[in-house]
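Letter by letter, the chains look like this.
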Amino acid sequence: MNIIEVESYEEMSEKASELFIQKVRNNPNAKLGLATGSTPLGTYKRMIADYKKNGTSYKNVTTVNLDEYVGLSKKHPSSYRYYMNERFYHHLNLKQENAHVPDGTALDLTIECERYESLIDQLGGLDIQLLGIGQNGHIGFNEPGTSFDSLTHVVELTENTREVNGRFFQNREEVPTKAITMGIASILKSKRIVLLISGKEKSQALHRLLNEDVTENFPASALKKHPNFTLIYDKEAWKGV
Ligand code: F6R
């Protein structure tokens, strides 16, 4: 595990964006694993700024997102596809057909999960995966207790996760009860993993990750088994104040 401590959210985003931009410059066909939520926003802003200023091209890049809510179409403003369109895809020369998010409206969710996992395999695994973390240690929507062998699957969201994610919806009742997520084993297929932890709300998760053993009760601990895992956290997350 490679650990980078930085002063602030801004510095964390700077470091993460450098890693992703470098990957794309070195490999124009790079396969990027991406996440939604608040944490990666600064990283995406910097990647877009670099594209506009330096012309780093995403023409042949493929992106694969971690997860999507079941039942939300790509037009729903709280869907993860919509989030990615607004905050990333539409600002770069990335081809829509190369930008992948699970389809939460698929009629057969089991088939959709299998399709998504095959996609990852056909791509030969992702080159670099960006991750945020839940307060309970979830990665993607893999909640505590998820098997480390899990592939892309449908999950029932915990009340806590629905509560926390309610901020992205008009009201709490609107938050779906299910999602499709890459599993822990799917995430570990990536050649490199970068986990970002910022802010005091994530302090307990950070310290658990650093101090506790690898256990399915704390999903992010699986990352410690990965040979190329980089953790970037800021001082607020460390101090918890
Ligand atoms: C997002 C995802 C989630 C988030 C996590 C942290 O695609 O899979 O695991 O990374 O819930 O969310 P934020 O960054 O909003 O604190």
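Please refer to the structure higher up on the page.
For the structure given in this document, a descriptive report is provided here. (Residues numbered from 1 in each chain as written. Predicted model: local features only at pLDDT ≥ 70, side-chain atom pairs only at ≥ 80, totals over all residues. Heavy atoms only, no water.)

Time to look at the overall build of the protein. Scanning the protein from terminus to terminus reveals eight helices and ten strands. Whereas a compact globule of 241 residues would reach a radius of gyration of roughly 18 Å, the protein reaches 17 Å, a difference of no more than 12%. In terms of principal-axis extent, the alpha carbons of the protein reach across some 45 × 40 × 35 Å. Looking at the 241 residues of the protein, the share that counts as buried comes to 54%. A separation threshold of at least 6 residues defines the contact pool for the protein, and within that pool the share at least 24 residues apart is 79%. (Helix = DSSP H or I, 4+ residues; strand = E, 2+ residues; numbered from the N terminus. Rg over C-alpha atoms; globule rule 2.2 N^0.38 Å. Buried < 20%, exposed > 50% of the residue type's maximum accessible area, 1.4 Å probe, protein only. Contact = heavy atoms within 4.5 Å.)

Attention now goes to helix H2 (residues 41–54). Taking 1.5 Å per residue as the helical rise, H2 with its 14 residues ought to reach 20 Å, and the 20 Å between its terminal C-alpha atoms agrees with that figure. Among the residues making up H2, those that are buried are Gly42, Thr43, Tyr44, Met47, Ile48 and Asp50. Where H2 is buried, its residues contact helix H1 (9–26), strand S2 (31–34), helix H3 (80–87), strand S6 (128–131) and strand S9 (193–197). Phi turns positive, to about 75 degrees, at Gly55, one or two residues after H2. (Expected span 1.5 Å × (residues − 1).)

With that out of the way, let us pick up the site of the ligand. If you check the shell around the ligand, you find 14 residues, and the closest are Thr39, Asp67, His138, Gly140 and Lys202. A distance of 2.9 Å is found between an oxygen atom of the ligand and a side-chain nitrogen or oxygen belonging to Thr36. At a separation of 2.4 Å, an oxygen atom of the ligand approaches a polar side-chain atom of Thr39. A total of 410 Å² of accessible area belongs to the ligand in isolation, and the protein chains cover 92% of it. (Near = heavy atom within 4 Å. Polar contact = N/O pair within 3.5 Å; in protein donor to acceptor, adjacent residues only side chain to side chain. Areas by Shrake-Rupley, 256 points an atom, 1.4 Å probe, with all protein chains shown as cover.)

Turning next to the sheet that holds S6. The pairing of strands in a sheet happens through backbone hydrogen bonds and is either parallel or antiparallel. Here seven strands make up an open sheet; going across it, the order is S1-S10-S9-S6-S2-S3-S5 and the pairing parallel. Each end of this open sheet is capped by a strand with a single partner; those strands are strand S1 (2–6) and strand S5 (99–100). Pairing between S2 and strand S3 (residues 62–65): four bridges, direction parallel. Within the sheet, the bridge partner assigned to Lys31 lies in S3 and is Thr62. (Pairing = 2+ DSSP bridges.)

Turning next to the pattern of salt bridges. Side chains that differ in sign of charge can pair as their charged atoms come close. Across all of its chains, the model carries 13 salt bridges by this definition. The partner of Arg46 in a salt bridge is Glu14, and the shortest N-O contact between them spans 2.9 Å. With Arg46 in helix H2 and Glu14 in helix H1, this pair connects stretches of sequence that are 32 residues apart. The partly exposed category is assigned to Arg46, whose relative accessible area is 22%. (Salt bridge = Lys/Arg side-chain N within 4 Å of Asp/Glu carboxyl O.)

What follows is about the side chain of Arg162. Mapped onto the secondary structure, Arg162 falls in helix H5 (residues 159–165). Once you skip the residues sitting within four places of it in the chain, Arg162 turns out to touch Leu157, Arg172, Glu173, Val175, Pro176 and Thr177.

A separate point is the pairing of strand S7 (residues 153–156). Alternating residues of S7 divide into His153 and Val155, all buried, and Val154 and Glu156, none buried. Both S7 and strand S8 (residues 178–181) contribute to a ladder of four bridges, which runs antiparallel. What sits directly across from Val155, in S8, is Ala179.

Let us now look at the pairing of S2. For the segment spanning S2, H2 and S3, crossover handedness is right-handed. Where S2 and S6 come together, two bridges link them in parallel fashion. Residue pairing in the sheet places Leu32 in a bridge with Ile128 of S6. (Right-handed = clockwise from strand over helix to strand, strands pointing away.)

Considering all chains together, one arrives at nine aromatic pairs under this definition. Ring geometry for Tyr44 and Phe88: centres 4.8 Å apart, planes at 45 degrees, overall tilted. With a gap of 44 residues between them, Tyr44 in helix H2 and Phe88 in the loop between H3 and S5 connect regions that are remote in the sequence. A centroid spacing of 5.4 Å and a plane angle of 80 degrees characterise the contact between Tyr69 and Phe169, whose relative ring orientation is edge-to-face. (Phe/Tyr/Trp six-rings, centres within 6.5 Å; stacked < 30°, edge-to-face > 60°.)

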